[in-house]
Amino acid sequence: MRNYKNNKIRLIDCVSDLALATIILGIGMMVLGSTMIIGSAIRLTNGYSLFGGSSSLLFFGITHGIMFIANGVLLSLFCVMVATTHPLAGSFTALNIFALICALFDVIVLITCAALGGGALGAVVSLAGIAISATITCLIKKLRTGAEKMARSQAYNVVYGLKKAG
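Being a predicted model, the structure only gives us computed values, none of them experimental.

Chemist: I'm lost on helix α1 (residues 17-45) in this one. Help?
Modeler: Given 3.6 residues per helical turn, the α-helix brings residues three or four places apart onto the same face. For α1, built from 29 residues, the straight-helix expectation of 42 Å at 1.5 Å per residue is met to within 8% by its first-to-last C-alpha distance of 42 Å. Considered for burial, the residues of α1 that qualify are Ala19, Thr22, Ile23, Gly26, Met29, Gly33 and Ser40. In the segment just after α1, glycine 47 is the residue with positive phi, at about 105°.

Chemist: Looking at this model, I keep getting lost on the nonpolar core. Mind explaining?
Modeler: Side chains of nonpolar character tend, in soluble globular proteins, to be buried together. Residues Met67, Phe68, Leu74, Phe78, Leu95, Ile136 and Ile140 are the most contacted members of the largest nonpolar core, which totals 17 residues. The dominant element in this core, judged by the number of residues it contributes, is helix α2 (residues 56-84), at seven residues. Excluding residues within four positions of it along the chain, leucine 74 makes contact with Leu95, Phe98, Ala99, Cys102, Ser133 and Ile136.

Chemist: Got a minute to help me understand the packing of aromatic side chains in this structure?
Modeler: Geometry of an aromatic ring pair is reported as the spacing of the ring centres plus the angle between the planes. In total, this model carries one aromatic pair according to the counting rule given. When the ring of phenylalanine 59 is compared with that of phenylalanine 60, the centres are 6.4 Å apart and the planes differ by 55°; the resulting orientation is tilted. In terms of burial, phenylalanine 59 and phenylalanine 60 fall into one category: buried.

Scoring rules and cut-offs
- Residues numbered from 1 in each chain as written.
- Predicted model: local features only at pLDDT ≥ 70, side-chain atom pairs only at ≥ 80, totals over all residues.
- Heavy atoms only, no water.
- Helix = DSSP H or I, 4+ residues; strand = E, 2+ residues; numbered from the N terminus.
- Expected span 1.5 Å × (residues − 1).
- Buried < 20%, exposed > 50% of the residue type's maximum accessible area, 1.4 Å probe, protein only.
- Core = buried A, V, L, I, M, F, W, Y, C linked by side-chain atoms within 4.5 Å.
- Contact = heavy atoms within 4.5 Å.
- Phe/Tyr/Trp six-rings, centres within 6.5 Å; stacked < 30°, edge-to-face > 60°.

The structure is reproduced here in structure tokens:
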């Protein structure tokens, strides 16, 4: 980013190593999910059926691929929101709704995997997706509560300072 006042480059120095690693993990999840979907789509174009027999693995590949992409986007957005900006109430709400939708989709994928006779690996992947979405939802709630407390305490300090000055 350029600072227009004196044309110097401004650096964002508040991104921690953990936030950067989580953003990279989210990008990796998106790449893995995309390859799962592309691989399943290639197999479907070769004439395999989506349901029945061993080709239900293609269905699991597509659903888990979508789940990986959604959770990767969720992780990346959460870390970018927290690390680079001062989150607003609207971004908290939007990210919380997205996290709840991801968690609901992960539960649906787990139930579908169990109903169609998926293996233990599919259940583990679905449970990992549920854990990611639920953790992000809890973190958003905790951040929102902390931000509201900070806003109330700063508002009190401003009012107290104005009363003391006037």
